[in-house]
Amino acid sequence: MDIYTETEDVDPDTLAHLGPLAALAGIWEGEGVDVHPVADGDEAEPFHERAEFHPIDPQSNGPQLLYGLRYHLSIQKLGEVETFHAQIGYWLWEPATKTITQTLAIPRAQVARAQGTAEPDATRFTVRAELGSATAGIVSSPFLDAHVGKQCRCWGYGQ
């Protein structure tokens, strides 16, 4: 296999080639309740969430062709202005292998790459990352790894 020659005649219309990710494109807002651990149990806090998904140019890794969305997610507790949770990254679709990849970074010194497969017309899909995986894994700062990492071995996300 020639891994150095990029795909020719790539259609630059990313929105037309996003497969199951197409429905995510745009700006989304909503409210919900976050339940998270605290020192004496769990705490439930209402929040406002805003997610932006913007198309990127097609990306080639030699013969591999990816279409995708750059995204930013921001969550604030209701009634507060500071960000409670934020993440940035990419949702990528590889039509040839029907693979979905999510890359993300969280400003608490954690990054992840999650992966799954789906049919191009799927309206539901799951991606998964596992602690310690070299190809679909979670990497945390030494502090998070020592204090939280052992409890957060993997995560999945479904639409």
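Scroll up to find the structure this text is about.
Let me begin by describing the structure that accompanies this report. Just so you know, these numbers come straight off a predicted model, no measurement behind them.

Before going further, it helps to spend a moment on the overall build of the protein chain. Check the secondary structure of the protein chain and you find one helix and ten strands. Going residue by residue from the N terminus, the α and β elements of the protein chain occur as β-β-β-β-β-β-β-β-β-α-β. Oriented by its inertia axes, the alpha-carbon framework of the protein chain measures out at about 55 × 35 × 25 Å. Every one of the 159 residues in the protein chain was classed for burial, and the buried ones make up 32%. Side chains of the protein chain carry 10 positive and 23 negative charges; the gap between the two charge centres is 7 Å.

We now examine the pattern of salt bridges. Tallying each qualifying case throughout the model produces five salt bridges. Of the charged contacts in the structure, one is a salt bridge between Lys77 and Glu45, with a shortest N-O distance of 3.2 Å. With Lys77 in strand 4 (residues 64–77) and Glu45 in strand 2 (residues 41–55), the pair connects residues that are 32 residues apart, well separated along the chain. The exposure class assigned to Lys77 is partly exposed, which follows from its relative accessible area of 22%. When salt bridges with common partners are traced through the structure, they connect Glu29, Arg50 and Glu52 into a single cluster.

A word on the side chain of Gln110. Relative to the assigned elements, Gln110 resides in strand 7 (residues 110–117). Separated by 2.8 Å, the side chains of Gln110 and Ser140 make a polar contact.

Attention shifts here to unusual backbone geometry. Located in the positive-phi region is Lys98, a residue other than glycine, with phi close to 55 degrees. Note that Lys98 resides in the loop between strand 5 (83–94) and strand 6 (99–106). Phi angles above zero are rare outside glycine, and Ala109 is one such case at about 70 degrees.

Moving on: the packing of aromatic side chains. Scanning the model with the defined rule gives two aromatic pairs in all. With 5.7 Å between their ring centres and 20 degrees between their planes, Phe53 and Tyr71 make a pair best called stacked. Linking Phe53 in strand 2 with Tyr71 in strand 4, this pair joins segments that are 18 residues apart in sequence. When its relative accessible area of 4% is taken as the criterion, Tyr71 is described as buried. A centroid spacing of 5.8 Å and a plane angle of 70 degrees characterise the contact between Trp91 and Phe125, whose relative ring orientation is edge-to-face. One end of the pair, Trp91, is in strand 5; the other, Phe125, is in the loop between strand 7 and strand 8 (126–131), and 34 residues separate them in sequence.

The biggest cluster of nonpolar side chains holds 24 residues, and the ones touching the most others in it are Leu21, Leu24, Phe53, Trp91, Ile100 and Phe125. Elements supplying a minimum of two residues to this core: strand 2, strand 4, strand 5, strand 6, strand 7 and strand 8. Per-element tally for this core: the top contributor is strand 4, with six residues.

The rules behind each value
Residues numbered from 1 in each chain as written. Predicted model: local features only at pLDDT ≥ 70, side-chain atom pairs only at ≥ 80, totals over all residues. Heavy atoms only, no water. Helix = DSSP H or I, 4+ residues; strand = E, 2+ residues; numbered from the N terminus. Buried < 20%, exposed > 50% of the residue type's maximum accessible area, 1.4 Å probe, protein only. Lys, Arg positive; Asp, Glu negative; His and termini not counted. Charge placed at Lys NZ, Arg CZ, Asp CG, Glu CD. Salt bridge = Lys/Arg side-chain N within 4 Å of Asp/Glu carboxyl O. Polar contact = N/O pair within 3.5 Å; in protein donor to acceptor, adjacent residues only side chain to side chain. Phe/Tyr/Trp six-rings, centres within 6.5 Å; stacked < 30°, edge-to-face > 60°. Core = buried A, V, L, I, M, F, W, Y, C linked by side-chain atoms within 4.5 Å.

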